[in-house]
Amino acid sequence: MEEVQVYLFTGFLDAGKTKFIRETLQDKRFNDKEPTLLLVCEEGEEEYEPDAPYMKNVTIRTLGDMSEFNEENLKRLTAEAKATKVVVEYNGMWMLNDFYQLMPEEWVVYQEMMFADANTIESYNANMRNLVYDKMSSCELVIFNRCKKDVDKDALHKLVRAISRKTDIAYEYTDGTAEYDDIVDPLPFDLNADVIEIADRDYALWYRDTTEDMNKYDGKTVSFTALVAIGKEFPADTFVGGRKLMTCCANDVMFAGFVCKTEHRDTLKNGDWVKVTGKIEIRFNALYGRKGPVIHAEDRKSTRLNSSH
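Residues numbered from 1 in each chain as written. Predicted model: local features only at pLDDT ≥ 70, side-chain atom pairs only at ≥ 80, totals over all residues. Heavy atoms only, no water.

1. A look at the overall build of the protein
Definition in use: Strands here are runs of E lasting at least two residues and helices are runs of H or I lasting at least four, both read from the DSSP assignment and numbered beginning at the N terminus. Each residue is assigned to one of three classes by its accessible area relative to the maximum for its type, calculated with a 1.4 Å probe on protein chains only: buried under 20%, partly exposed between the two thresholds, exposed over 50%. Two residues form a contact once any of their heavy atoms are found within 4.5 Å. Method for areas: the Shrake-Rupley scheme with a 1.4 Å probe, in which residue coverage is limited to the protein chains shown.
Helix and strand content of the protein: seven helices and 15 strands. Projected onto its principal axes, the C-alpha coordinates of the protein cover approximately 75 × 50 × 35 Å. Counting across all 309 residues of the protein, residues that qualify as buried make up 49%. Taking the contacts inside the protein whose residues are at least 6 apart along the sequence as the reference set, 70% of them involve residues at least 24 apart. For the protein, the accessible area works out to roughly 16,400 Å², and carbon and sulfur atoms hold 46% of it.

2. Observations regarding the side chain of Asp-272
Spelled out, the test is: A 3.5 Å cut-off defines polar contacts: any pair of N or O atoms within that distance qualifies, except that in protein one atom must be a possible hydrogen donor and the other a possible acceptor, and neighbouring residues in sequence count only when both atoms are side-chain atoms.
Take Asp-272: it is sitting in the loop between strand E12 (253-261) and strand E13 (273-285). Here Lys-269 takes part through its backbone nitrogen, which lies 3.1 Å from a polar atom of the side chain of Asp-272.

3. Overview of unusual backbone geometry
The backbone of Lys-82 sits at a positive phi, close to 50°, despite the residue not being glycine. Considering the arrangement of structural elements, one finds Lys-82 in the loop between helix H2 (71-80) and strand E4 (85-89). By relative accessible area, which is 67% here, Lys-82 ends up exposed. Phi angles above zero are rare outside glycine, and Arg-146 is one such case at about 60°. Note on placement: Arg-146 falls in strand E6 (residues 141-147).

4. Considering the pairing of strand E5 (residues 107-117)
Let me state the cut-off plainly: Think of it this way: DSSP has to see at least two bridges between two strands before they count as a pair.
Direction of pairing for strand E1 (residues 4-11) relative to E5: parallel, over a ladder of eight bridges. Residue Thr-10 lies in a different strand from E5, and its bridge partner there is Met-114. By the bridge criterion, five bridges tie E5 to E6 in an arrangement that is parallel. Following the sheet pairing, Phe-115 is matched in E6 by Ile-143.

5. Looking at the nonpolar core
Where a protein is soluble and globular, its nonpolar side chains tend to be buried together. Applied cut-off: Residues belong to a common nonpolar core when they are buried Ala, Val, Leu, Ile, Met, Phe, Trp, Tyr or Cys residues joined through side-chain atoms within 4.5 Å.
Of all hydrophobic cores here, the largest spans 30 residues; its most connected members are Trp-206, Val-222, Phe-224, Phe-239, Val-276 and Ile-295. Mapped by element, the contributors of at least two residues to this core are helix H7 (203-212), strand E10 (221-229), strand E11 (238-246), E12, E13 and strand E14 (290-296). Within the second largest apolar cluster, 21 residues are counted, among which are Tyr-124, Cys-139, Phe-144 and Val-160.

6. Here we look at the packing of aromatic side chains
Selection rule: Aromatic rings from Phe, Tyr and Trp, with only the six-membered ring used for Trp, were paired whenever their centres fell within 6.5 Å, and each pair was classed as stacked if the ring planes differed by under 30 degrees, edge-to-face if by over 60, and tilted otherwise. A ring is considered to have a charge above it if a Lys NZ or an Arg CZ atom is located within 6 Å of its centre and within 35 degrees of its normal.
Scanning all chains against the criterion turns up 22 aromatic pairs. The lysine or arginine in question, Lys-149, covers the ring of Tyr-173, its NZ or CZ lying 4.2 Å from the ring centre.

7. Describing the sheet that holds E6
Stated precisely, the cut-off is as follows: Convention adopted: a line fitted to C-alpha atoms gives each axis, helices being fitted over their contacting stretch, and angles between N-to-C directions are expressed from 0 to 180 degrees.
Taken in spatial order, the eight strands line up as E3-E2-E4-E1-E5-E6-E7-E8 in an open sheet, and their pairing is mixed. A strand with exactly one partner marks an edge of an open sheet, and here the two such strands are strand E3 (58-62) and strand E8 (178-180). Sheet twist, expressed as the mean angle between neighbouring strand axes with direction ignored, is 20°. As defined by bridge partners, E1 adjoins E4 across five bridges and the pair is classed as parallel. Note on E4: the bridge partner recorded for Phe-9 is Glu-89. Packed on one face of the sheet, helix H1 (residues 17-26) meets E1, strand E2 (36-40), E3, E4, E5 and E6 and runs near 150° to E1. Contacting E6, strand E7 (168-173) and E8, helix H6 (residues 153-161) runs over the sheet at an angle of about 145° to E7.

8. Some remarks on helix H5 (residues 129-136)
Among all positions in H5, only Leu-131, Val-132, Asp-134, Lys-135 and Met-136 are buried. Of the surrounding elements, those touching the buried residues of H5 are E1, helix H3 (96-102), E5, helix H4 (121-127), E6 and H6.

9. Here's the deal with the pattern of salt bridges
Rule in force here: Salt-bridge detection follows one rule: a side-chain nitrogen of Lys or Arg within 4 Å of a carboxyl oxygen of Asp or Glu.
Tallying each qualifying case throughout the model produces 17 salt bridges. Residue Lys-17 is joined to Glu-42 by a salt bridge in which the shortest nitrogen-to-oxygen separation is 2.5 Å. A residue pair is termed long-range when its members are at least 10 positions apart, and Lys-17 in helix H1 and Glu-42 in the loop between E2 and E3 qualify at 25 residues. Glu-42 carries the same exposure label as Lys-17, and that label is buried. Note that Asp-185 and Arg-161 form a salt bridge whose closest N and O atoms lie 2.8 Å from each other. With a gap of 24 residues between them, Asp-185 in the loop between E8 and strand E9 (196-197) and Arg-161 in helix H6 connect regions that are remote in the sequence. Take Asp-185: its relative accessible area is 26%, and that puts it in the partly exposed class.

What follows is the structure, encoded as C-alpha cells:
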C-alpha cells in the first residue's frame, strides 16, 4: 500500500483551525501541487476558497456526522481525490481515539496540532475536561490564539502540562505576532540525589516523566509509596507497585505502576501499601511487553519493603 501523509488539526469550534489550514495551503513549502484531500468535519464562521488558485489540487469533502468517518468511506474519498496527502479539520466534539481506530491503514499521521482560543479554553477545560484532555494528550503543538498582551501564560502553560509534558506550546497575539512558550518545568524531586524521594503528590508527575523519558532513570535509586498488584501469571519474585491516577475526569481512573522485583514477594498480597526503595533498570520485561523500568527492591543496603499507609 502506498503511504498517505495525514496532517491532523484539532480544537473546538471557532478556535482558528480553518484560518490556519487555509494559510498552510497557500504556503508553497507545504502545498507543492500534489493531489490533496481536505476533510472538513465541522463548519465555523471561516470558510475555504475552493476557486482560489492554490486550491486547484485540493478536493474538499465535508463529513458532518461521525458515522461517515469510517475506513471504507475514507479510502473511497482518498481514492476519488487520488490524494497522496490528507488534511483533516477534526470536530472538537469527536474523540481522537475514534479517528486513530477508524483511519485507513495506509494513512500515516505526520503532524497533529491543536488550536485553542486563549479566552475560552479554561472554560472548556472546566466544563468538558475529557474533550480537552483528549485533544491535548497526543498533539505535538498547542497554539493558543487571540491572545492579548496581558494573557496569563502561566495558567495556560499549567493547563497543558497537567496533561502532557511533551507538547510544545505557542501563543498567537491579536496584533499578529506569535511566540513559543519558554517556561521551564522543574521537576519537584532531585534526579541527582542518592535516593530520589517521590512524594505521594508527585507520583503522577514522576510516572508521566518516566514514561516519556525512561532512559534518564536507568541506574537511579528511587523511593515511593505504592499499592501492590500481583497477578497469577507474575513470576514468584515480581509484583507491580503503583497508584490509581485520574487521567481526564473522575470517571476515568487507571492503575499506573512499575514492575518491581523483590526477595520478599511472599510477604505481600494484593492491596497492600508498601514503601518501595530500589534501583531502576531499563530493560525488556514480559509484563510490559516491551522495554521499561524494572525496580530491583531486593534487600540491598538493608532496604526492605515495609507496610505503609
